[in-house]
Amino acid sequence: MARKPKSASKKPSAGKTKSKSAAIPATPAPAEFSKEQELAAYRNMLMIRRFEEKAGQLYGMGFIGGFCHLYIGQEAVVTGMQAAISEGDQVITSYRDHGHMLACGMDPKGVMAELTGRRNGYSKGKGGSMHMFSKEKNFYGGHGIVGGQVSLGTGLAFANHYRDEKKVCLTYFGDGASNQGQVYESFNMAELWKLPCIYVIENNRYAMGTSVVRSSALTEFSKRGSSFNIPGIEVDGMDVRAVKAAGDLAVKWCRAGKGPIILEMQTYRYRGHSMSDPAKYRSKDEVQKMRAESDPVEQVRQRLIAKKWANEDVLKAIDKDIRAVVGNAAEFAQSDPEPDASELYTDVYV
Amino acid sequence: MPINITMPALSPTMEEGNLAKWLVKEGDTVSAGDVIAEIETDKATMEVESIDEGTVGKILVPEGTEGVKVNAVIAVLLEDGENAGAIDTTAAAPTAEPEKAPQEPAPQPVAASAPTPAAPAKTTPVEPEYPAGTKLISTTVRDALRDAMAEEMRADNDVFVMGEEVAEYQGAYKVTQGLLEEFGAKRVVDTPITEHGFAGLGVGAAMSGLKPIVEFMTFNFAMQAIDHIVNSAAKTLYMSGGQMGAQIVFRGPNGAASRVAAQHSQCYAAWYGHIPGLKVVAPYGAADAKGLLKAAIRDPNPVIFLENEMVYGQSFDVPDLDDFVVPIGKAKVHKAGNDVTLVTFGIGVRYAEDAARELAEMGIDAEIIDLRTIRPMDIETVMRSVMKTNRCVTIEEGFPQSGIGAEITAQIMQNAFDYLDAPVLRVTGKDVPMPYAANLEKLALPSVGDVIEAVKAVTYK
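Engineer: Could you give an account of the overall build of chain B, naming the residues involved and the relevant values?
Structural biologist: Counting secondary structure elements, chain B contains 12 helices and 22 strands. Taking the principal axes of its C-alpha atoms as reference, chain B extends roughly 80 × 60 × 45 Å. By the burial criterion, 59% of the 461 residues in chain B qualify as buried. If you take every contact in chain B between residues at least 6 apart in sequence, the share linking residues at least 24 apart comes to 77%. Summed over all atoms, the accessible surface of chain B reaches about 18,000 Å², with 51% contributed by carbon and sulfur. Both charge centroids of chain B, one from 37 positive and one from 65 negative side chains, sit 6 Å from each other.

In structure tokens form, the structure reads like this:
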């Protein structure tokens, strides 16, 4: 094949190409939390952790069927983001959704009862772990098709824009979904129409069993919007204060009408992809190191102690409270009856 | 040799158009590629370029002439040294018919493009869905669809239309003509070519309470979006225990157009008809198109609205009512008859009408049931007819296996077995991808001949 002479590949410098995008914001410093904020974050994250541990137990006991994807390790992401948004803002995510629902303020009983497929579950037992919704709490699912929620979330943002409302939509997806085509179709429209959509990429390093380096040509997910002029920020997704600060910045960006923004949350899941995943694709040491050095709940706990905002007794009391809530939810989810057989044919059409 | 300049086709389905304007006069010299005239259809205006160089010898069709048939000679070019005397005016094809019957698509001049059409049987609707004495206005299906969207958009600010080329281009098939002007860019949204993305975006908007009308340039392209149509739009209501669903219409041309081959010619009625949670509508005439689209936009469920490019330009009577709505889920006895039931929908009604006319000459009185809605299917109307005629032939353009005809056949087996005097037969598209060649395409589509053969078989004639 003929080679072009080297000089031919040199493009004439026609000046800097004009970029319409505003300056990419830098990762903000972690937010300064008050005692109340730290305690709330601790409580909310611990709630997710204990809930998920219980869900894992119930799965092992056969009360929960099908797929069950636990959120343990990633608690700081939803907790910090939820603290950044306001009443009326929407949340949508994929099938690893229990943490998001609890963060949205959905009742642990209703969530757990849905996991066990009972009539007082959020979807009357018809959705299960992966498909749960709460109109009341502006939680739009709970979607089982990888990447599907990204277009849907962009549509929620479209509706906000259509109605001239200042609401924003938090659209969560993982490093795996980041390789789906519709993500980029959505990015394009969101920036084109300046939709108020915060794309929260939860990079937990593994798409099921495939590590990001084995699946992604560009592993810096914050840059995935660069073809569309969407700014992105890398965030320490294990530090709830860092998440909150990034969330505040992103919400402000969207409400100002600047269009979408990407937050890459660098996080980690301790458990397998789903309950049936033995996690042979990573070492036990890797998991242990993350747990020991970066655990989101432990970080807050240590700050609370160090600042003398709480002592071991207070924290134990919180843990006890949470265990009681989760225990009640689990009990409810086991005793609540299955849906009536007549429910088979309801909710197919309005 | 003088060169004939003929009326060009703007699309494979165009049969005639108007000669809007001549940009040259007799005696002008032109080069190949010069724009010499403008022609228009109800869909678009296009420039006609000279195909060769020479002198405009004679203009055979004056500007302003309407209904000029495709391939009619509209002007003659003279080459160097020729004079107007060389023009054999008898060669010029007849041009416009002064008064064209509005609902009769002329047979295509080139072989095979339109599968059947001849004049549809003149049938008065058996069950008129509007008060007697209502004024009727001849309207194309294209305009009826546009009117339905415009009326609903006027009535409800939450209704908006989105899709490729729906706004500034005025619709790839001109179905959204004029909507941008009336409703503005916020409610008539041109999307990038990104079916998967904008279908999902539409469903998301619907989940928050807006009422999108998503136009697919054709339903073939909706294959990119079928995940959101099925997994997001159709299932969310059920998966959320009734908390949220999607009031959304997915519409666009479905089925075979003409000479566009395998990837652009497929009927998706059976595909979407399979899915609980979806409603699937497939009208034929303009009144049903309008009334059903209005019903679809108001329906709180996701509705697949299957149109047909071949009938967009065809005119039908539409009742002149402020708010003409046809309920979803009701079939129509399109023509009453006693000897055999022809069950069909969409453009299949054309095949049925043409076959019924020929069958009448053979002494067979066919009843035509136009399903109009595929899901929920009005199987009762079909049963009533079959119990009367005791014979049934289904007609559809889709593939045979697991098709609409297969469903109807099974339903009749279960519900009217004892009434049957013959097995139900299906007339369908052939079990092959759509070929391009004109003769093969004709063979691949169901034909009036296929219908007549099937009817003869079930009536033992």
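From this point, things continue past the structure.
Engineer: Which residues make up the interface of chain B and chain A, and what are the values?
Structural biologist: Facing 45 residues of chain B, the contacting portion of chain A comprises 39 residues. Here chain B and chain A share an interface that buries about 3,400 Å² over both sides, 64% of which is from carbon and sulfur atoms. Broken down residue by residue, the surface that chain B buries against chain A is led by Leu201(B), Tyr238(B) and Met239(B), which jointly contribute 21%. Joining chain B to chain A, the criterion identifies 1 salt bridge.

Engineer: Break down the packing of aromatic side chains for me, citing the residues and quoting the values.
Structural biologist: Each aromatic ring pair is described using two quantities: the centre-to-centre distance and the angle formed by the ring planes. Summed over all chains, the structure comprises 20 aromatic pairs over all chains. Between Phe158(A) and Trp193(A), the ring centres sit 5.8 Å apart and the planes meet at 65°, which makes this aromatic pair edge-to-face. In this pair, Phe158(A) sits in helix α6 (residues 148-162) while Trp193(A) sits in the loop between α7 (181-192) and β4 (197-203), placing the two residues 35 residues apart along the sequence. Taken as a pair, Phe158(A) and Trp193(A) share a single burial class, namely buried. An aromatic cluster of at least three residues, connected via ring pairs, comprises Phe198(B), Phe216(B), Phe219(B), Phe250(B), Tyr268(B), Trp271(B) and Tyr272(B). A cation over a ring is seen here: Lys186(B) above Tyr162(A), with NZ or CZ 5.7 Å from the ring centre.

Engineer: Account for the sheet that holds strand β18 (residues 340-344) of chain B, with residues named and values stated.
Structural biologist: Two modes of strand pairing occur in sheets, parallel and antiparallel, and in both the strands are linked by backbone hydrogen bonds. All names here are of chain B. Strand order in the open sheet made by the 5 strands is β17-β19-β18-β21-β22, with mixed pairing throughout. The open sheet has two edge strands, β17 (332-335) and β22 (425-427), and neither has a second partner. Sheet twist, expressed as the mean angle between neighbouring strand axes with direction ignored, is 25°. Two elements, strand β21 (residues 392-395) and β22, share 3 bridges in a ladder whose sense is parallel. When the sheet's bridge partners are listed, Val 393 is paired in β22 with Leu 425.

Engineer: Kindly report on unusual backbone geometry, identifying the contributing residues and their values.
Structural biologist: Cis rather than trans, the peptide bond between Gly141(A) and Gly142(A) has omega equal to 25°. Relative to the assigned elements, Gly142(A) resides in strand β2 (residues 139-142). Cis geometry marks the peptide bond from Arg375(B) to Pro376(B); its omega dihedral reads -5°. Relative to the elements of secondary structure, Pro376(B) occurs in the loop between β20 (373-375) and α9 (379-389). Backbone geometry at Met208(A) places phi at a positive 55°, although glycine is not the residue there. Structurally, the position occupied by Met208(A) is in the loop between β5 (206-207) and β6 (210-211). Given a relative accessible area of 54%, Met208(A) falls into the exposed group. Although it is not a glycine, Tyr460(B) sits at a positive phi angle of roughly 55°. Note that Tyr460(B) resides in the segment after α12 (448-458).

Engineer: Account for the nonpolar core, with residues named and values stated.
Structural biologist: In terms of nonpolar packing, the biggest core is built from 80 residues, with Phe158(A), Phe216(B), Phe219(B), Phe250(B), Tyr272(B), Ile304(B) and Ile412(B) touching the most fellow members. Mapping this core onto the domain boundaries places at least three of its residues in each of domain 2 (142-319) and domain 3 (332-458) of chain B. In this structure, Tyr272(B) is in contact with Phe219(B), Ala222(B), Ile226(B), Ile229(B), Leu278(B), Val280(B), Ile304(B) and Arg375(B), ignoring residues within four places of it in sequence.

Engineer: I'd like to hear about the confidence of the model for chain A, residue by residue, with values.
Structural biologist: Looking at chain A as a whole, its pLDDT mean stands at 93, while 93% of the residues score no less than 70. Low pLDDT, under 50, characterises residues 1-19 of chain A; the stretch is placed with 1 contact to residues that sit more than four places away or in other chains.

Engineer: An account of the sheet that holds β2(A) is needed here, citing residue identities and associated values.
Structural biologist: All names here are of chain A. One open sheet holds the 6 strands; their spatial order is β2-β1-β3-β4-β8-β7, and the pairing between them is parallel. Taken across any chain shown, the strands that pair with only one partner, and hence form the sheet edges, are β2 and β7 (232-236). Taken pair by pair, the neighbouring strands of this sheet meet at an average axis angle of 20°, ignoring direction. The pairing of β7 with strand β8 (residues 261-266) spans 5 bridges and is parallel. Paired with Asp 236 across the bridge in β8 is Gln 266.

Engineer: Kindly report on helix α8 (residues 348-361) of chain B, identifying the contributing residues and their values.
Structural biologist: Residue and element names in this part refer to chain B. An ideal rise of 1.5 Å per residue puts 20 Å on 14 residues; α8 measures up with 20 Å between its terminal C-alpha atoms. Across the 14 residues that make up α8, a large majority, 10, are buried. Taken together, the buried positions of α8 are occupied by Gly 348, Val 349, Arg 350, Tyr 351, Ala 352, Glu 353, Asp 354, Ala 355, Ala 356 and Leu 359. In the segment just after α8, Gly 363 is the residue with positive phi, at about 85°.

Engineer: Let's hear about the pairing of β4(A): which residues, and what values?
Structural biologist: Look at any regular strand and the pattern is simple: side chains alternate between the two faces of the sheet. Residue and element names in this part refer to chain A. For β4, the tally of buried residues reaches 7 of 7 residues, placing the bulk of the element in the interior. Burial along β4 is two-sided: the residues Cys 197, Tyr 199, Ile 201 and Asn 203 and Ile 198, Val 200 and Glu 202 are all buried. Pairing of strand β3 (residues 169-174) with β4, which is carried by 6 bridges, proceeds in the parallel orientation. Bridge pairing in β4 links Phe 173 to Ile 201. Between the parallel pair β3 and β4, the chain is carried across by α7, and the sense of this crossover is right-handed. Pairing of β4 with β8, which is carried by 6 bridges, proceeds in the parallel orientation. Across the sheet, Ile 201 pairs through a bridge with Glu 264, a residue of β8.

Thresholds, definitions, all that
- Residues numbered from 1 in each chain as written.
- Chains lettered and ligands numbered in written order.
- Predicted model: local features only at pLDDT ≥ 70, side-chain atom pairs only at ≥ 80, totals over all residues.
- Heavy atoms only, no water.
- Helix = DSSP H or I, 4+ residues; strand = E, 2+ residues; numbered from the N terminus.
- Buried < 20%, exposed > 50% of the residue type's maximum accessible area, 1.4 Å probe, protein only.
- Contact = heavy atoms within 4.5 Å.
- Areas by Shrake-Rupley, 256 points an atom, 1.4 Å probe, with all protein chains shown as cover.
- Lys, Arg positive; Asp, Glu negative; His and termini not counted.
- Charge placed at Lys NZ, Arg CZ, Asp CG, Glu CD.
- Buried area = accessible area lost by both parts, 1.4 Å probe.
- Salt bridge = Lys/Arg side-chain N within 4 Å of Asp/Glu carboxyl O.
- Phe/Tyr/Trp six-rings, centres within 6.5 Å; stacked < 30°, edge-to-face > 60°.
- Lys NZ or Arg CZ within 6 Å of the ring centre and 35° of its normal.
- Pairing = 2+ DSSP bridges.
- Axes fitted to C-alpha atoms, helices over the stretch in contact; angles between N-to-C directions.
- Core = buried A, V, L, I, M, F, W, Y, C linked by side-chain atoms within 4.5 Å.
- Domains from an automatic or database assignment.
- pLDDT = per-residue confidence, 0-100.
- Expected span 1.5 Å × (residues − 1).
- Right-handed = clockwise from strand over helix to strand, strands pointing away.

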